[in-house]
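What follows is the residue order along each chain.
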Amino acid sequence: MQIITTTEALAAFCEKAKAEPYVTIDTEFLRERTYWAKLCLIQAALPGATGDAVLIDPIEGPEMSLEPFYDLLRHKETVKVFHAARQDLEIFFTEGKVFPDPLFDTQVAAMVCGFGEQAGYETLVKKIVKADLDKTSRFTDWSRRPLTRAQQDYALADVTHLRGIYEFLAAQLVKTDRMAWVQEELAILTDPATYTVTPEDAWLRVKTRTSSGRFLAVVKELARFREIYAQSRNIPRSRIYKDDALLELASTRPTTLEDLNKARLLLREGRRGDIADGIMAAVKAGLEMKPEDMPKVDTAREQQQVNPALADLLRVLLKAKSEETGVAPKLIASAADLDALAAGDREVEALKGWRGEVFGQDAQRLCRGEIALSAVGQTVKVIRL
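If you look the protein up in an unreviewed UniProt entry, it shows as Ribonuclease D from Falsigemmobacter faecalis. The annotation that UniProt attaches to the protein under Sequence similarities (unreviewed entry) is "Belongs to the RNase D family." If you open the UniProt record of the protein and go to Subcellular location (unreviewed entry), you find "Cytoplasm".

Right, let's talk about unusual backbone geometry for a bit. The general pattern is negative phi for most residues beyond glycine and trans for most peptide bonds. Proline 102 follows aspartate 101 through a cis peptide bond whose omega is 0°. Summarising the element assignment, proline 102 is placed in the loop between α3 (86-96) and β6 (103-105). Of note, the amide linkage connecting arginine 145 to proline 146 takes the cis form, showing an omega dihedral of 5°. Topologically, proline 146 is positioned in the loop between α5 (121-128) and α6 (149-176).

Once that is clear, we can look at the pattern of salt bridges. Between side chains of opposite charge, a pair can form when the charged atoms approach closely. Within this structure, the stated rule accounts for 26 salt bridges. Residue glutamate 200 pairs with arginine 224 through a salt bridge whose shortest N-O separation is 2.7 Å. Of the two residues, glutamate 200 is situated in the loop between α7 (179-186) and α8 (213-233) and arginine 224 in helix α8; the sequence distance between them amounts to 24 residues. Exposure remark for glutamate 200: the relative accessible area of 38% places this residue in the partly exposed category.

Each value, and the rule that gives it
Residues numbered from 1 in each chain as written. Predicted model: local features only at pLDDT ≥ 70, side-chain atom pairs only at ≥ 80, totals over all residues. Heavy atoms only, no water. UniProt positions renumbered as here; feature names shortened; annotations may be inferred. Helix = DSSP H or I, 4+ residues; strand = E, 2+ residues; numbered from the N terminus. Salt bridge = Lys/Arg side-chain N within 4 Å of Asp/Glu carboxyl O. Buried < 20%, exposed > 50% of the residue type's maximum accessible area, 1.4 Å probe, protein only.

As structure tokens, then:
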């Protein structure tokens, strides 16, 4: 086991990795007390049962530059393999403005290869490499040093077993000619918009059933203030106020400290100082927003007239297609997609790309009455009319 804490050692490992067809990567981080995830450790392993496996420790090596690692992520001849890569990629994009290229995510690949919806790493380790994981270090505070040998072994297991999982899944995808399906799914993971939350759009993350323009205007301004405050001080949004408190404030619309102190869900820190001032300024801005500038929710889908019988038939078709292809049903089409199809919408994702080939074409034929479904034993058959 090698623990890397210097730029020179990191550069040497990354140059070695560039000569390999792939490298497996994972990270350990903390984000409970910060807005931006704090990178604590990077694990990486090269191919082969005895291939190099290293821990890259930016905490023990505070002067170490991660640029050699980011250069490896850019290196197009070496596939970067992750499991459930989204949070790892968010860190690399936030800190280094870089995405792995090319990228392979074993969780996405497993969903295409018949391992169900969002197959966990432990499940794949058991089913593919026939090993067990020691999860005793699962809840480690990865910012504390020194790391114990048990913690180091736990961290390395996240990339050493990943080698066998990748090789198995990659071979399956080549055999079934589905590698392009996985690459299509991974495109969203390397889109900067996936990880960028602008204060102006922060309100879209707040779930509310109210469509009142004035209410949403106050929600927008409260969410905007919270996002700016959280980003500037690198603290979680929930430390300022949670969504339920935000919605309460949008309803009660406090304009004085006395009003603010009546809020049931607001944390003590939100009742004074900069946060209190920010809340009242946001409420004021929301109340004064011009009608033409008020946010509007997309009610088009809510107003769709869903044919419930057709929606049920589409669910049966989806289940049949999932069983036929071995692809997790939620990866093919969401419940919202099926309802939209049953209401006449033809702009849903389930009709595009590989999904259109697997499910979308027959789904449209079903909607047009060109096919029927028949139960034959435990399976469902598609019958052309």
